[in-house]
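What follows is the residue order along each chain.
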Amino acid sequence: INQSINQSPIMTAIEVSPEEMAKLAEKKAKKEKKKQQKKEKNKRKRVDDEDDDDDEEASATKEASDDDDDDESSTNENARTKKRDEKKKLMAQVPERDEDGIAYTKMQRRRMMKRVKRGLPPVLTPQEEDERRKNEAQLKRDEEAELSGMMYAKDDDDDDD
């Protein structure tokens, strides 16, 4: 039994030539260098984000010269920052508490964000709130009716056999 354990293929060592080891070391060094560059780039972006908007043109030209090889990733990051800024502006328009001082729920705030995006006031009027509740109730009834219909159809199918 002891001999079979020592001869298992899992325990065999992999032989690597010195040339292959050098190549692996070079690849690892390149990866580390890229990580460092990415970290520094992110630090610069954070600093640029904290600066006033007056320096936007200067930072844009600086980023353009730094990101010659990363054009695709920079456009994605720029799109993300624009989206994040837009969301912050919308969130500033959405109230956190109602007139009684009660905090709105996450779902309510999301609904209000969507309304503000469409150009409507964030808080629903009583008429709109009633209409929303009626629509939700109708959807729920329709869904339950559909599910119950499926259950009855399933029972009918079983009876045919």
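Cut-offs and rules
- Residues numbered from 1 in each chain as written.
- Predicted model: local features only at pLDDT ≥ 70, side-chain atom pairs only at ≥ 80, totals over all residues.
- Heavy atoms only, no water.
- Salt bridge = Lys/Arg side-chain N within 4 Å of Asp/Glu carboxyl O.
- Helix = DSSP H or I, 4+ residues; strand = E, 2+ residues; numbered from the N terminus.
- Buried < 20%, exposed > 50% of the residue type's maximum accessible area, 1.4 Å probe, protein only.
- Core = buried A, V, L, I, M, F, W, Y, C linked by side-chain atoms within 4.5 Å.
- Contact = heavy atoms within 4.5 Å.
- Expected span 1.5 Å × (residues − 1).
- Arc of directions from axis to C-beta.

Caption draft 1: Expanded view of the pattern of salt bridges. Tallied over the full model, the rule gives four salt bridges. In this structure, Glu128 and Arg115 form a salt bridge, with 3.2 Å as the shortest nitrogen-oxygen distance. Taken as a pair, Glu128 in helix α6 (residues 126–160) and Arg115 in helix α5 (residues 106–117) lie far apart in primary sequence, 13 residues in all. Salt-bridge contacts for Arg133 lead to Glu129; the nearest nitrogen and oxygen are separated by 3.6 Å. Placement of the pair is Arg133 and Glu129 together in helix α6, with a separation of four residues, close to one helical turn. Glu129 gets classed as buried once you look at its relative accessible area, which sits at 18%. Through salt bridges with shared partners, one network takes in Glu129, Arg132, Arg133 and Glu136.

Caption draft 2: Summary view of the nonpolar core. Core analysis: the biggest nonpolar cluster contains six residues, these being Leu90, Val94, Tyr104, Met112, Met113 and Val116. Residue contacts for Val94: discarding those within four places in its chain leaves Arg109, Met112, Met113 and Val116.

Caption draft 3: Representation of α5 in the model. For α5, which comprises 12 residues, the first-to-last C-alpha distance of 16 Å matches the rise-based estimate of 16 Å (1.5 Å per residue) to within 8%. Three or more residues of α5 are buried, namely Met112, Met113, Arg115 and Val116. With its buried residues spanning 160 degrees around the axis, α5 presents them on a single face. Of the exposed residues in α5, the ones pointing more than 90 degrees away from its buried face are Lys106, Met107, Arg110, Lys114 and Lys117.

Geometry only, nothing functional implied.
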